[in-house]
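Spelled out from the first residue to the last, the chains are:
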Amino acid sequence: MKILCILYDDPKSGMPKNYPLPNLPKLKKYPDGMTLPTPKSIDFNPGELLGCVSGELGLRKFLESNGHQLVVTSDKDADGCKADKELVDSDIVISQPFWPYYLTRNRIESAKKLKMAITAGIGSDHVDLQAAMDHKIDVVEVTYCNSRSVAEHIVMMILSLVRDYHNQHKIVKDGGWNIADAVQRSYDVEGMHVGTVAAGRIGLDALRKMKPFDVHLHYFDRHKLPDSVEKELNLTFHESVESLVKVCDVVTINCPLHPETENLFDDKLINKMKKGAYIVNTARGKICNREAIAKALKSGQLSGYAGDVWFPQPAPNDHIWRSMPNHGMTPHTSGTSLTAQARYAAGVREILECFFEKKPIRDPYLIIKDGQLAGMGAHSYSKGSATGGSEEAAKYKK
Ligand code: NDP
């Protein structure tokens, strides 16, 4: 079989010769008891760069020794890109949300042999899920592999926004010492109201991680959490996103991108937020309206915006979020720490082993199976597509 793998570029200075830490902590299970990926074996050293082109998710030896062809590229956006050329006779395509190969309907329809799209990570919104259902292409992702990595990033971003870390760090880097400049937007998070839109694996973990800061915790989700969890965290449940944003100083967004959540944070919703609130969005860029966020930061309706997700990706060089005031954006990195890469590379290997051996892929990994939303997909996504406008990614110039 032919496996097409789209990964982000190698470091500009080439693959690292060594890494800061000699090895990674060993985790046994995820917090709800789910096991970490369980491939029969792996051909990489956990802690090495795996998500870039030369890292190849550690798959080449395994695939080639089993008679398969592996094509790896980062060239994924402009007309005539390598990924489009290779897709037409590929059986499996692997892509990462950090450097998404947008599997639009046109692309899906050009790939007559395509059987499965694997997300090396979590979040399969870069696939036109409706087209995948129509053409019976299975879609799977490595559920839980980087959820806790993202929750850590959320805590970092909430604290860095509220305390105004980025500005203070810049003053030092620029050789300065004006403390009044450094603190004129700096607050403690203690006592604030912090709420999450969606309390799934990431949202709930972010709430748990924020609890020791003595904040008031809120959530909105389609399903209520068990009473025991609400009690443990002293949580306030909101029946609507409007009700949550009205009372929160900090809102973190943790739902998948699908037609129900696309453009959720538009002018109207942002204007219902508490004046001067902060947003941390590590879910997907398209959940927030690009112009509305920039406008609210300018007017002071929002005091800060941070996250690592953009639309499209890579973000065009002139994307307004790169230059808006009081933002703490990173490129899409929260779920691709070296730690997380080891888990999702092992998860992809597990999925491929199951596929080749015709064994069932774990139910929690399924988004679409046999033309229907299945597994996690049936729980968390809705039908339709959120890939519209993704061709703008070709505007990014290295
Ligand atoms: P989960 O599936 O565990 O959680 C998703 C939650 O979103 C569920 O609780 C689900 O609710 C809820 N939800 C779905 N639709 C809505 C809606 N319309 N309104 C409110 N809640 C909704 O996934 P994770 O927590 O692991 O990941 C969440 C998202 O985070 C991913 O889909 C991905 O987009 C993003 N992500 C980003 C990463 C990064 O690197 N920045 C890495 C990993 C994920 P219910 O179950 O009650 O239906």
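Residues numbered from 1 in each chain as written. Predicted model: local features only at pLDDT ≥ 70, side-chain atom pairs only at ≥ 80, totals over all residues. Heavy atoms only, no water.

Asker: Provide a residue-level description of the nonpolar core, including the pertinent values.
Answerer: Within soluble globular proteins, side chains that are nonpolar tend to cluster in buried spots. Counting residues in hydrophobic clusters, the biggest one holds 66 residues, and the most contacted among them are Leu57, Leu59, Val93, Ile94, Ile118, Val348 and Leu352. Among the elements that make up this core, the one with the highest residue count is helix H13 (residues 338-356) (eight residues). (Core = buried A, V, L, I, M, F, W, Y, C linked by side-chain atoms within 4.5 Å. Buried < 20%, exposed > 50% of the residue type's maximum accessible area, 1.4 Å probe, protein only. Helix = DSSP H or I, 4+ residues; strand = E, 2+ residues; numbered from the N terminus.)

Asker: Before we move on, can you summarise the site of the ligand with the specific residues and values?
Answerer: Within the structure, the ligand sits among 31 residues, and Arg201, Ile202, Asp221, His223 and His379 are positioned closest to it. Take Ser147: an N or O atom from its side chain is 2.9 Å from an oxygen atom of the ligand. The backbone of Arg201 places a nitrogen or oxygen atom 2.8 Å from an oxygen atom of the ligand. Protein contact buries 95% of the 920 Å² of open area that the ligand shows by itself. Going through the elements one at a time, helix H5 (147-162), helix H8 (201-210) and helix H14 (375-380) are the ones with two or more residues in the shell around the ligand. Ranked by residue count, the leading element in the shell around the ligand is H14, at three residues. Within the shell around the ligand, the residues separate by chemical class into twelve nonpolar, 13 polar and six charged. (Near = heavy atom within 4 Å. Polar contact = N/O pair within 3.5 Å; in protein donor to acceptor, adjacent residues only side chain to side chain. Areas by Shrake-Rupley, 256 points an atom, 1.4 Å probe, with all protein chains shown as cover. Nonpolar A, V, L, I, M, F, W, Y, C, P; charged D, E, K, R; others polar.)

Asker: If you had to explain the confidence of the model for the chain to someone new, which residues and values would you point to?
Answerer: Confidence in the prediction of the chain, expressed as mean pLDDT, is 97, and 100% of residues score 70 or more. Across the chain, strand E6 (residues 193-197) holds the top mean pLDDT of 99, while H14 sits lowest at 91. (pLDDT = per-residue confidence, 0-100.)

Asker: Which residues make up a nonpolar patch on the surface, and what values do they have?
Answerer: Among the surface-exposed residues, Trp177, Ile179 and Val183 lie close enough to one another that they form a single nonpolar patch of about 380 Å² accessible area. Inspection of the secondary structure assignment puts Val183 in helix H7 (residues 179-183). Residue classification places Val183 among the partly exposed positions, given a relative accessible area of 43%. (Patch = residues over 30% accessible without salt bridge, like charges linked within 9 Å, V, L, I, M, F, W, Y side chains within 5 Å. Salt bridge = Lys/Arg side-chain N within 4 Å of Asp/Glu carboxyl O.)

Asker: Hey, could you go over the pattern of salt bridges for me, with residue numbers and the actual values?
Answerer: In a structure, side chains of opposite charge can pair up when their charged atoms sit close to one another. The full count for this structure, using the stated rule, is 31 salt bridges. Lys398 serves as the salt-bridge partner of Asp9, at 2.9 Å between the closest nitrogen and oxygen. Pair noted here: Asp9 is in the loop between strand E1 (2-6) and helix H1 (60-65) and Lys398 is in the segment after H14, with a separation of 389 residues, a long-range link. By relative accessible area, Asp9 is classed as partly exposed at 30%. The residue Lys61 makes a salt bridge to Asp43 at a minimum N-O spacing of 3.8 Å.

Asker: With reference to specific residues and values, describe the sheet that holds strand E10 (residues 277-281).
Answerer: Strand order in the open sheet formed by six strands is E8-E7-E6-E9-E10-E11, with parallel pairing between adjacent strands. Looking at the sheet topology across the chains shown, the edges are occupied by strand E8 (235-238) and strand E11 (302-307). On average, each strand axis in the sheet is tilted by 20 degrees relative to the strand beside it, whichever way the strands run. As judged from the five bridges shared by E10 and E11, these two strands associate in the parallel manner. The partner of Ala277 across the bridge, within E11, is Leu302. Against the sheet, H5 makes contact with E6, strand E9 (250-253), E10 and E11, and its axis sits at roughly 150 degrees relative to E10, the strand it touches most. (Pairing = 2+ DSSP bridges. Axes fitted to C-alpha atoms, helices over the stretch in contact; angles between N-to-C directions. Contact = heavy atoms within 4.5 Å.)

Asker: I'd love a proper account of the sheet that holds strand E13 (residues 372-373), names of residues and values included.
Answerer: An order of E2-E1-E3-E4-E5-E12-E13 is seen for the seven strands of this open sheet, with the pairing classed as mixed. Each edge of the open sheet is held by one strand with a lone partner, namely strand E2 (69-73) and E13. Relative to E13, strand E12 (residues 366-369) runs antiparallel, the two being bridged by two bridges. Residue pairing in the sheet places Ile368 in a bridge with Leu373 of E13.

Asker: Kindly report on empty space enclosed by the protein, identifying the contributing residues and their values.
Answerer: It is the rolling of a water-molecule-sized probe over the atoms that shows where space remains empty. Applying the stated criterion across every chain yields a total of three cavities of 30 Å³ or more. Lining the largest cavity are 13 residues; nearest its centre among them are Tyr102, Asp125, Arg284, Trp310 and Phe311. For the lining of the largest cavity, the residue count by class is seven nonpolar, three polar and three charged. For the lining of the largest cavity, the two domains that each supply at least three residues are domain 1 (2-145 + 336-375 + 383-395) and domain 2 (147-322). (1 Å grid on protein atoms, 1.4 Å probe; cavity = no way out; pocket = protein on both sides within 12 Å on 5 of 7 lines; lining within 4 Å. Points joined across faces, edges and corners; volume = space filled by probe spheres on them. Domains from an automatic or database assignment.)

Asker: Just give me the short version of the packing of H5 against H8, but keep the residues and values in it.
Answerer: Taken N-terminus to C-terminus, the directions of H5 and H8 make an angle of 45 degrees; their axes are 8 Å apart at the nearest point. Our classification of the angle between H5 and H8 gives oblique. Both H5 and H8 take part in a crossing whose hand is right-handed. Of the residues in H8, those touching H5 at Ser147, Arg148, Val150, Ala151, Glu152, Ile154, Val155 and Ile158 are Arg201, Ile202, Asp205, Ala206, Lys209 and Met210. Residues belonging to the contact of H5 with H8 are distributed by class as follows: eight nonpolar, one polar and five charged. (Parallel < 35°, antiparallel > 145°, perpendicular 65-115°, else oblique. Left-handed = near helix turned anticlockwise from the far one by under 90°.)

Asker: Summarise the domain arrangement of the chain; cite the residues concerned and give the values.
Answerer: For an interface, size is often stated in terms of accessible area lost upon the parts coming together. In terms of domain boundaries, the chain breaks down into domain 1 (2-145 + 336-375 + 383-395) and domain 2 (147-322). The centre of domain 1, based on its C-alpha atoms, is set 28 Å off from the matching centre of domain 2. At the junction of the two partners, domain 1 supplies 28 residues and domain 2 supplies 16 residues. Buried surface at the junction of domain 1 and domain 2, both sides included, amounts to about 1800 Å², of which 51% is carbon and sulfur. Taken together, the links from domain 1 to domain 2 amount to two salt bridges. Between Arg284 and Asp125 there is a salt bridge whose closest N-O contact spans 2.7 Å. Inspection of the domain 1/domain 2 interface yields twelve residue pairs in polar contact (both at pLDDT 80 or more). Class assignment for the residues of the side of domain 1 that touches domain 2 results in twelve nonpolar, nine polar and seven charged. (Buried area = accessible area lost by both parts, 1.4 Å probe.)

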